[in-house]
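Remarks on the overall topology
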Amino acid sequence: MADSVVNVPISTPSSESEVGSSKVTDVVETAADLSTIVTDQSRIENEEIEYEDYLKCSFSYDKAGRTAVCVDKIIEVLPEDAAVLDCGCGTGNYMTAIAKSGKCKSYIGMDVNEGMLYHARKKAALLRNDDTVSTDVTTVAGSLLEELPFEDNVFDCVVINQVLQHLVDVRVFDRFKYVTALFTEIKRVLKPGGVFSLNTCAHDQIAAMWWIAAMPGVLEKIQYRTPDIDELKKMILDAGFTGFTFVRDDTPLLGEAYWKYEGCFSEEYRSADSSWALASDEEYSKAMTNLKYALREERETFDNIARNSIAKTGHTIQVFAYNKPE
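Residues numbered from 1 in each chain as written. Predicted model: local features only at pLDDT ≥ 70, side-chain atom pairs only at ≥ 80, totals over all residues. Heavy atoms only, no water.

Here's the deal with the overall build of the chain
Keep this limit in mind: Counting from the N terminus, the helices are the DSSP runs of H or I reaching at least four residues and the strands are the DSSP runs of E reaching at least two. Accessibility here uses a 1.4 Å probe with only protein chains present; expressed as a share of the type maximum, an area under 20% marks a residue as buried, one over 50% as exposed, and anything in between as partly exposed. By definition in these notes, contact holds between two residues if any of their heavy atoms fall within 4.5 Å. Only the protein chains shown count as cover for residues, and the accessible areas themselves come from Shrake-Rupley with a 1.4 Å probe.
Within the chain, the regular secondary structure consists of 13 helices and 7 strands. When each of the 326 residues of the chain is scored for burial, the buried share is 55%. Here the analysis covers contacts within the chain between residues at least 6 apart in sequence; of these, 81% occur between residues at least 24 apart. Counting only carbon and sulfur atoms, one obtains 50% of the accessible surface of the chain, whose full area is about 14600 Å².

The following block contains the structure:
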């Protein structure tokens, strides 16, 4: 399949080099090769409110087991020949399944982090060279703290997965100002009747995650950054969406790797979930000591608690809402 750019009107592309994976030819496999990536991290707002080093984490994100949770549910709601925008696409975990679904005519993955985009671009290139895939796939570098660089009413579906906590400015009273602004932008670029798909975690689900349960300070911080379901529903409805529905899903964000508890002693494993980055040195050290003891002396009890917690709360919330016709 020839390289191409998705036929969706883009109102203000900042440069030609931002679009499409064909622009990237370097082979980068490890964090030691970071210098070979040409980065564009000029958006000061992102740098000031982001708490994770995704440029570094991008090299082990997929290897650690990060999973495209609820992608089957997303595909179910897609209309035929859908134009899809993935806001905060990361390494492109959702890209392959959506592109190969047979329901997606065009897919754009957008992210601000060039480390994440590098890996997404590699996946996009593979899809464009796969004769069995008809989806037009591309990537765009851009910040979700700004207006989306697309014209009005161009997408059938906009997806945003596990991103909200990275858009929160905890320095100000209205800490969710970027989230609410993004919801308004998503409504603008959606076609009438288009679907807004969002995956996040409810507060009880965050508390049920076994490593976060070991770090109460991290729990408090991540819950503060994450709107709980009632607050989230109000934000989405206030943005003008209708038909708000949500379901709880039991699939861990790390897939089966979630149950490989000793993985937490590996930096690669920890890099797949940004909550670790919120731990102070003291809390991290204490958690490591407690986890080592629990897994050595009380592993069966630890495992039972972890599994029962997820069974009770689920692991994520999948939300759907619709852009009502004017």
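Structural notes on the nonpolar core
Quick reminder of the rule: For this analysis, a nonpolar core means a set of buried residues of the types Ala, Val, Leu, Ile, Met, Phe, Trp, Tyr and Cys, connected via side-chain atoms within 4.5 Å.
Core analysis: the largest hydrophobic core is formed by 57 residues, its most contacted members being V84, I98, Y107, W210, W211 and Y258. Here this core gets 5 residues from one element, more than from any other, and that element is helix α12 (residues 281-297). Apart from residues lying up to four places away in sequence, W211 is in contact with L254, Y258, Y269, D273, S275 and W276. In this structure, I108, L164, V168 and A202 belong to the second largest nonpolar core, which totals 39 residues.

A look at the side chain of D111
Note the following rule: Think of a polar contact as two N or O atoms within 3.5 Å of one another; within protein, one of them needs to be a possible hydrogen donor and the other a possible acceptor, and neighboring residues in sequence only count if both atoms come from side chains.
Relative to the assigned elements, D111 resides in strand β2 (residues 104-111). D111 gets classed as buried once you look at its relative accessible area, which sits at 10%. Here the side chain of D111 touches C89 through a polar contact of 3.4 Å, landing on its backbone nitrogen. In this structure, D111 is in contact with G88, C89, G90, M116, L117, V140, A141 and G142, ignoring residues within four places of it in sequence.

Quick word on the side chain of H119
One can find H119 in helix α5 (residues 114-128). With sequence-adjacent residues up to four places away left out, H119 is seen in contact with S58, F59 and T91.

Quick word on unusual backbone geometry
Here the phi dihedral of N153 falls at roughly 60°; this positive angle occurs in a residue that is not glycine. Position of N153 among the secondary structure elements: in the loop between β3 (136-141) and β4 (155-161). For Q162, which is not a glycine, the phi torsion comes out positive at approximately 55°. Here Q162 shows up in the loop between β4 and α6 (177-189). Q162 sits in the buried class, given a relative accessible area of 10%.

Thoughts on the sheet that holds β3
Formally: For two strands to be treated as a pair, DSSP must find at least two bridges joining them. Inter-axis angles, ranging from 0 to 180 degrees, are taken between N-to-C directions of lines fitted to C-alpha atoms, where helices are fitted over the stretch in contact.
What the 7 strands build is an open sheet, ordered β3-β2-β1-β4-β5-β7-β6; its pairing is mixed. Looking at which strands have only one partner, the edges of the open sheet turn out to be β3 and β6 (241-249). With strand direction ignored, the average angle separating the axes of adjacent strands in the sheet is 15°. Here 6 bridges tie strand β5 (residues 190-200) to strand β7 (residues 316-323), and the two strands are oriented antiparallel to one another. Bridge pairing in β7 links S197 to F320. Along the sheet, α5 contacts β2 and β3; its crossing angle with β3, the most-contacted strand, is approximately 165°.

A short note on the environment of L126
Within the secondary structure layout, L126 lies in helix α5. Taking the relative accessible area as the measure of exposure, L126 reaches 64% and is therefore exposed. When the C-alpha atoms of L126 and T96 are compared, they prove to be 9.3 Å apart, with 30 residues separating the residues in sequence.

Looking at the packing of α6 against helix α10 (residues 229-238)
Operational definition: Here roughly perpendicular refers to angles of 65 to 115 degrees, roughly parallel to angles under 35, roughly antiparallel to angles over 145, and oblique to all remaining angles. In this scheme, a crossing is called left-handed if the near helix is turned counterclockwise away from the far one by less than a right angle; it is called right-handed if the turn is clockwise. By the convention adopted, Pro, Cys, Tyr, Trp, Phe, Met, Ile, Leu, Val and Ala count as nonpolar, Lys, Arg, Asp and Glu as charged, and the other residues, Gly among them, as polar.
Interhelical geometry of α6 versus α10 gives an angle of 45° and a closest axis separation of 9 Å. With respect to their mutual orientation, α6 and α10 come out oblique. Our pair here, α6 against α10, has a crossing hand that is right-handed. Contacts from V179, T180 and F183 of α6 reach α10 at L232, M235 and I236. Within the contact of α6 with α10, the residues separate by chemical class into 5 nonpolar, 1 polar and no charged.

Notes on the environment of T139
Note on placement: T139 falls in strand β3. Classification of T139 as buried rests on a relative accessible area of 0%. Here R121 takes part through its side chain, which lies 3.5 Å from a polar atom of the side chain of T139.

Overview of α6
Counted only if it meets this: Given the number of residues in a helix, its expected span is that number minus one, multiplied by 1.5 Å.
With 13 residues, α6 ought to run about 18 Å at 1.5 Å a step, and its terminal C-alpha atoms sit 19 Å apart, in line with that. Among the residues making up α6, those that are buried are Y178, V179, L182, F183, E185, I186, K187 and V189.

As for the pairing of β7
Among the 8 residues of β7, 7 are classified as buried, and the element is accordingly described as predominantly covered. Where β6 and β7 come together, 7 bridges link them in antiparallel fashion. Bridging from a neighbouring strand, F246 pairs with V319 of β7.

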